[in-house]
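Structural overview
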There are 2 protein chains.
Amino acid sequence: MQEAVEIISEKGLNALTMSTLSAKVGVTEGALYRHFSSKNELIMDILNDIFLETTSQISEVNSRKQPNVAKLQKIMENQLFLFKQRPAIANLLFAEEYFLTNHDIKILIYSIINTIQLYIQEIFENGKNNGEFKQNLNPRHISLMFLGTIRMLVMNWKLSDYQWDLPAQGKVFYHSFLEIIEEKNFNQ
Amino acid sequence: MQEAVEIISEKGLNALTMSTLSAKVGVTEGALYRHFSSKNELIMDILNDIFLETTSQISEVNSRKQPNVAKLQKIMENQLFLFKQRPAIANLLFAEEYFLTNHDIKILIYSIINTIQLYIQEIFENGKNNGEFKQNLNPRHISLMFLGTIRMLVMNWKLSDYQWDLPAQGKVFYHSFLEIIEEKNFNQ
DNA sequence: CTTTTGTAAGTAAATATTCACATACATGCA
DNA sequence: TGCATGTATGTGAATATTTACTTACAAAAG
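Residues numbered from 1 in each chain as written. Chains lettered and ligands numbered in written order. Predicted model: local features only at pLDDT ≥ 70, side-chain atom pairs only at ≥ 80, totals over all residues. Heavy atoms only, no water.

Time to look at the overall build of chain A. In terms of helices and strands, chain A carries nine helices and zero strands. Going from the N terminus to the C terminus, chain A shows its helices and strands as α-α-α-α-α-α-α-α-α. Considered along the principal axes of its C-alpha atoms, chain A spans approximately 65 × 30 × 30 Å. Here chain A holds 188 residues, and 53% of them are scored as buried. When contacts within chain A are restricted to residue pairs at least 6 apart in sequence, long-range pairs at least 24 apart make up 64% of them. Mean positive and mean negative side-chain charge positions of chain A (18 and 21 charges, respectively) differ by 3 Å. (Helix = DSSP H or I, 4+ residues; strand = E, 2+ residues; numbered from the N terminus. Buried < 20%, exposed > 50% of the residue type's maximum accessible area, 1.4 Å probe, protein only. Contact = heavy atoms within 4.5 Å. Lys, Arg positive; Asp, Glu negative; His and termini not counted. Charge placed at Lys NZ, Arg CZ, Asp CG, Glu CD.)

Put into structure tokens, the structure is as follows:
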């Protein structure tokens, strides 16, 4: 699974075939089928790992005793750092198109993104009740905008051939984002 | 090219092969090569059409004598309507992952998205100078957020199997978006 | 009679998956 | 300790299918 993630990170989803994977691992293709009943199962196992890793990271941040503004920043930071370290994660999470014909994988990606979105929505709800964020925010909408911004950032990053630092740019964007959603009169 | 777009709309990018296309058009595969030297050329020709169509639509809106708030709404409306009518356009524009290994196509997609982004950035700049939008907006950042929101919306729509109306939801989102960027004291 | 457009039948390479067979290793039993 | 047995893991070769693309030849059209 690690080697598969590496292939995707380096050469994209299309490059992940049972042949290239077996070559990279150093076994024959048949050996792979001792551990995964199909290529789809392999991909779904990887996605499940990403699911666990991402959600545990987010829920850890979520449980902290911090302002919601700080939580949000930390989540964005973590996520972009993850993408920087292992671009395959972004490749997989942003590849609905690729798995259009594969129902199970599509559903899995959907539930991952959905779960993340709900976590973030919760932060916006709390921050709104808190008085940290403006009262006219729609938590659901703003959480989707937040994720959309991250996605757009990652897309630009990929299309630029990873020429600039993703987490650093993320920070800049986060401040722009905060600028428009934060309640200025808020005092801790 | 029309038939190709239809295949992508109905069954996704993976379903577009020279074989399926020739069957749909009603000719042999060889005949396709009388008109397109390669599959990549076919895709790039389609992308170029989308480029022209989209940018001409946007620049038409841009040239109107309207508040920038209205321009922005019209552009979002047009774009989502386009995606609704021909989902292939969204499939193609949001498939960087798919074309990761194909440099020319990647560049083309990049330049399309970039051009659109710049158009929108201009609207934000004008609206800011105008007093329509808040003065603390970063036009570049906010335009990417705007596009990211559209993209997220389309992604959710696709993952939901097109079960809800994209332009209608877009309208709702646009109002949420406006809520946070609009200068409330602005009078035409 | 030359150019365009088509066909029919091929190509080689790549794809995921399967098969019969081999090896390694741990466990249980004499 | 020595041997048998079962299970996990590997090999190597083959499978059928699909892929983009090509080629030799024919009709059609200006």
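Further remarks concern the packing of helix α8 (residues 139-159) of chain A against helix α9 (residues 166-181) of chain A. Residue and element names in this part refer to chain A. Remark: α8 packs on α9, axes separated minimally by 11 Å, with the N-to-C direction vectors making an angle of 150 degrees. The angle between the axes of α8 and α9 places the two elements in the roughly antiparallel class. At the point where α8 passes α9, the crossing takes the right-handed sense. Between α8 and α9, the residues in contact are Ile142, Phe146, Thr149, Leu153, Val154 and Trp157 and Leu166, Gln169, Gly170, Phe173, Tyr174, Phe177 and Ile181, respectively. Tallied by class, residues from the contact of α8 with α9 come to ten nonpolar, three polar and no charged. (Axes fitted to C-alpha atoms, helices over the stretch in contact; angles between N-to-C directions. Parallel < 35°, antiparallel > 145°, perpendicular 65-115°, else oblique. Left-handed = near helix turned anticlockwise from the far one by under 90°. Nonpolar A, V, L, I, M, F, W, Y, C, P; charged D, E, K, R; others polar.)

We now examine the protein's contact with DNA strand D. Near DNA strand D, the surroundings consist of 14 residues, among which Thr28, Arg34 and His35 of chain A together with Glu29 and Lys39 of chain B are the closest. Restricting attention to atoms of DNA strand D within 4 Å of the protein, one finds that 51% of them are sugar or phosphate atoms. His35 of chain A is positioned with one of its side-chain polar atoms (N or O) 2.6 Å from a phosphate oxygen of DNA strand D. Glu29 of chain B places a side-chain nitrogen or oxygen 2.9 Å from a base nitrogen of DNA strand D. Only α3 (29-32) of chain A together with α3 (29-32) of chain B provide two or more residues apiece to the surface near DNA strand D. A class-by-class count of the residues in the surface near DNA strand D yields five nonpolar, six polar and three charged. (Near = heavy atom within 4 Å. Polar contact = N/O pair within 3.5 Å; in protein donor to acceptor, adjacent residues only side chain to side chain.)

Before going further, it helps to spend a moment on the layout of surface pockets. Residue and element names in this part refer to chain B. Reported here for the largest pocket is a volume of approximately 170 Å³. Met1, Gln2, Val5, Ile46, Asp49, Ile50, Glu53, Arg86, Ala88, Ile89 and Leu92 are the residues that line the largest pocket. At the level of elements, α1 (2-11), α4 (39-62) and α6 (87-93) are the ones that each hand at least two residues to the lining of the largest pocket. Examining the composition of the lining of the largest pocket, we find that four residues originate from one element, α4, more than from any other. (1 Å grid on protein atoms, 1.4 Å probe; cavity = no way out; pocket = protein on both sides within 12 Å on 5 of 7 lines; lining within 4 Å. Points joined across faces, edges and corners; volume = space filled by probe spheres on them.)

Attention shifts here to the interface of chain B and chain A. A common measure of how large an interface is: the accessible area buried when the components associate. In this assembly, 41 residues from chain B lie in contact with 41 residues from chain A. For the pair chain B and chain A, the summed buried area comes to about 4,200 Å², and 64% of that belongs to carbon and sulfur atoms. Linking chain B with chain A are three salt bridges, by the criterion used here. Viewed at the interface, chain A and chain B are joined by nine residue pairs in polar contact (both at pLDDT 80 or more). Elements supplying a minimum of two residues to the side of chain B that touches chain A: α6, α7 (103-130), α8 (139-159) and α9 (166-181) of chain B. When grouped by side-chain class, the residues that make up the side of chain B that touches chain A number 20 nonpolar, eleven polar and ten charged. (Buried area = accessible area lost by both parts, 1.4 Å probe. Salt bridge = Lys/Arg side-chain N within 4 Å of Asp/Glu carboxyl O.)

The subject of this paragraph is the relation of the copies chain B and chain A. One copy of the chain maps onto the second through a rotation about an axis and a displacement along it. Once chain B has been moved 0.0 Å along the axis and rotated by 180 degrees, it coincides with chain A to within an RMSD of 0.0 Å. Those values place the two copies in the arrangement expected of a two-fold rotation axis. Among all residues of chain B, the minimum C-alpha distance to the rotation axis is found for Gly148 of chain B, at 2.0 Å. A high fraction, 100%, of the interface residues of chain B reappear at the interface in chain A, so the copies pair face to face through one surface. (Least-squares fit on C-alpha atoms with pLDDT ≥ 70 in both.)

A few words now on the protein's contact with DNA strand C. Taken together, 15 residues lie near DNA strand C, and Tyr33 and Lys39 of chain A together with Thr28, Arg34 and His35 of chain B sit nearest. The contact atoms of DNA strand C, taken as those within 4 Å of the protein, divide so that sugar and phosphate hold 49%. Contact distances for DNA strand C include 2.8 Å between a phosphate oxygen and a side-chain N or O atom of Lys39 of chain A. Residue Thr28 of chain B places a main-chain N or O atom 2.7 Å away from a phosphate oxygen belonging to DNA strand C. Broken down by secondary-structure element, the contributors of at least two residues to the surface near DNA strand C are α3 of chain A together with α3 of chain B. The residue makeup of the surface near DNA strand C, split by class, is five nonpolar, six polar and four charged.

Turning our attention to the nonpolar core. Soluble globular proteins tend to pack their nonpolar side chains together in the buried interior. Phe83, Phe124 and Ile181 of chain A together with Phe83, Phe124 and Ile181 of chain B are the most contacted members of the largest nonpolar core, which has 130 residues in total. Ignoring sequence-local partners within four residues, the contact set of Ile181 of chain B consists of Ile180 of chain A together with Phe124, Phe133, Lys134, Leu137 and Ile142 of chain B. (Core = buried A, V, L, I, M, F, W, Y, C linked by side-chain atoms within 4.5 Å.)

In total, this model carries 15 aromatic pairs over all chains according to the counting rule given. When the ring of Trp157 of chain B is compared with that of Tyr162 of chain B, the centres are 4.6 Å apart and the planes differ by 85 degrees; the resulting orientation is edge-to-face. Residue class for Tyr162 of chain B comes out partly exposed when judged on its relative accessible area of 33%. The structure contains a cluster of three or more aromatic residues connected by ring pairs, namely Tyr98 and Phe99 of chain A together with Tyr98 and Phe99 of chain B. (Phe/Tyr/Trp six-rings, centres within 6.5 Å; stacked < 30°, edge-to-face > 60°.)

Attention now moves to α4 of chain B. All names here are of chain B. For α4, spanning 24 residues, the distance from its first C-alpha to its last is 34 Å, which sits close to the expected 34 Å at 1.5 Å a residue. Among all positions of α4, only Leu42, Ile43, Ile46, Leu47, Ile50, Phe51, Thr54, Thr55, Ile58, Val61 and Asn62 are buried. Tucked into the core, α4 has its buried residues touching α1, α2 (18-25), α5 (68-85), α6 and α7. (Expected span 1.5 Å × (residues − 1).)

That is the geometry; function is a separate question.
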